[in-house]
Amino acid sequence: MSFSVTILGSSSAKPTVARHPSAQAVNVHEQYYLVDAGEGVQQQLVRYGVNPLKIRAVFISHLHGDHVFGLFPLISTLALYGRRTPLRVFAPAPFGEILACHLRYFDSELPYTVSWTEVDTTKHALLLENRTLEVWSVPLRHRVPCAGFLFREKEPPLNVEKFKIAKYGLSIAQITAAKRGEDVRLATGEVIPNAELTYRPYAPRSYAYLSDTNYSAKAAGLCRGVDLMYHEATYAAAEQRSAKDRGHSTTTDAAKAALRAGAKRLVIGHYSSRYKDETPLVEEARALFAESYPATEGTTYTVEKQR
C-alpha cells in the first residue's frame with residue numbers, strides 16, 4: 001500500500017524558470033489528494049505522471065493566488081478528461097464565493113459536481129475520513145487565515161500468524177474474528193488471546209504539510225511523531241526579520257518545527273525567487289535537523305512501511 005508525496009511546485013509568490021508555485025500530490029493507497037494548486041498545476045500533474053482524474057479531493061491552505069490560481073483551469077480540464085465523480089475542495093472562506101463565480105462564468109455545465117467544505121483555520125479539526133485515512137487541519141500563522149494539513153493513515157487490519165492457524169487449526173470464521181481483534185475460542189473451550197495470534201503488519205504512516213506560516217510551536221506539536229513533514233522555508237536564516245514581518249519562515253524555523261514535532265524527515269520549499277540554488281538553504285536546515293531535504297519539483301518522497 002503506497003504512501004508518498006510528489007512535489008509539483010516549490011516557489012513562493014514569484015514563479016521562476018525552474019520552479020512553479022506551491023502544489024503537491026499526496027498518494028495514499030493509490031488515492032490521490034492535491035494539496036494547494038498554484039499556477040500550472042495541471043501541466044505539472046501530467047509532467048510528473050499523476051493522472052488528474054485520480055484526484056479525490058483538493059486541500060487549499062489559504063487564499064493567496066500562488067496557492068489557488070491553478071485550481072480553476074484544472075476544474076475546467078477535468079471536464080474535458082471526462083470526469084464524472086464529484087470533486088471535494090477544502091479551503092478557508094470565502095472560497096465558496098470565488099468558486100461560485102468561476103462556475104457561473106466558465107463552467108456552468110460541468111459533467112461533475114464541485115463541492116466546497118470550509119476549513120476553520122483556527123481549529124485542529126478532522127476534515128476528511130475514509131477507510132484508510134484521516135486528514136486534519138493544522139492552524140498556521142500567516143497574514144491571512146491559513147491552515148496546514150495532517151494526513152494520517154489508519155491502523156491497518158491485523159494479520160494472523162500463519163503457523164498459529166496451523167497450530168490451532170483455526171477455521172475461516174475464527175481467522176476473521178482474530179483479524180477483528182477478538183480472542184478466539186477453540187472447540188476444546190480454550191480461549192486464545194488475540195495478541196498471541198495476530199500482529200500489526202506495519203505502523204500507520206503520516207505526512208504534515210505546513211504551508212505559509214511563521215514558526216508555530218503549536219502547529220509542530222499537533223504533528224508529533226510525523227513520518228514526513230513539509231515546512232515552508234521562504235527565507236535563509238539571515239532573513240529572520242523579513243520572514244517574521246511577512247508571515248513566513250526561515251530554514252532554521254522549519255528545522256525547529258521538525259525537531260519539536262519529532263519528525264523523521266523534513267522537506268523544505270516555498271523558496272523566495274531570490275534564491276537560484278536551494279542547496280545552501282537545505283544545508284542551513286540540516287545544521288539543526290540532519291534529515292532535511294529540498295522540495296525539488298518532480299521528486300517523490302515515499303514513506304516506507306515499518307513495523
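Definitions and cut-offs
- Residues numbered from 1 in each chain as written.
- Predicted model: local features only at pLDDT ≥ 70, side-chain atom pairs only at ≥ 80, totals over all residues.
- Heavy atoms only, no water.
- Salt bridge = Lys/Arg side-chain N within 4 Å of Asp/Glu carboxyl O.
- Helix = DSSP H or I, 4+ residues; strand = E, 2+ residues; numbered from the N terminus.
- Buried < 20%, exposed > 50% of the residue type's maximum accessible area, 1.4 Å probe, protein only.
- Axes fitted to C-alpha atoms, helices over the stretch in contact; angles between N-to-C directions.
- Parallel < 35°, antiparallel > 145°, perpendicular 65-115°, else oblique.
- Left-handed = near helix turned anticlockwise from the far one by under 90°.
- Contact = heavy atoms within 4.5 Å.
- Nonpolar A, V, L, I, M, F, W, Y, C, P; charged D, E, K, R; others polar.
- Pairing = 2+ DSSP bridges.

Is there a simple way to think about the pattern of salt bridges in this case?
Once their charged atoms are close, side chains differing in charge can pair, the charge on each being opposite to the other. According to the stated counting rule, one finds eight salt bridges in the structure shown. The salt bridge involving R205 is made with E153; its shortest N-O contact spans 2.9 Å. Taken together, the residues R205 in the loop between strand 13 (198-199) and strand 14 (206-210) and E153 in strand 9 (residues 147-153) connect sequence positions 52 residues apart. Comparing R205 with E153, the two get one shared label, buried. Put simply, R241 and D245 hold a salt bridge, and the shortest N to O gap is 3.2 Å. Of the two residues, R241 and D245 are both situated in helix 8 (residues 240-246); the distance of four residues between them amounts to about one turn of the helix.

Explain the packing of helix 2 (residues 71-80) against helix 3 (residues 95-105) to me, please; I cannot follow it from the model alone.
The packing of two helices is summarised by the inter-axis angle and the distance between the axes. With their axes 11 Å apart at the nearest point, helix 2 and helix 3 run at an angle of 45° to one another. Judged on the interaxial angle alone, helix 3 and helix 2 are oblique. Crossing of helix 2 over helix 3 shows right-handed handedness. Counting all contacts with helix 2, which are made through L71, F72, I75 and S76, the residues of helix 3 involved are F95, I98, L99 and H102. Looking at side-chain class alone, the contact of helix 2 with helix 3 contains six nonpolar, two polar and no charged residues.

What am I meant to see in the pairing of strand 2 (residues 23-28) here?
Regular strands place side chains that alternate from one sheet face to the opposite one. Within strand 2, six of the six residues are buried, leaving the element largely enclosed by the surrounding structure. A two-sided burial pattern is seen for strand 2, the buried positions comprising A23, A25 and N27 on one face and Q24, V26 and V28 on the other. As paired elements, strand 1 (residues 3-9) and strand 2 share six bridges and run antiparallel to each other. Looking across to strand 2, one finds that I7 is bridged to Q24. Note: strand 2 against strand 3 (residues 31-37), six bridges, orientation antiparallel. Its bridge partner being in strand 3, V26 is matched across the sheet by Y33. The hairpin formed by strand 2 and strand 3 contains two residues between the paired strands, and H29 there has a positive phi angle of roughly 60°.

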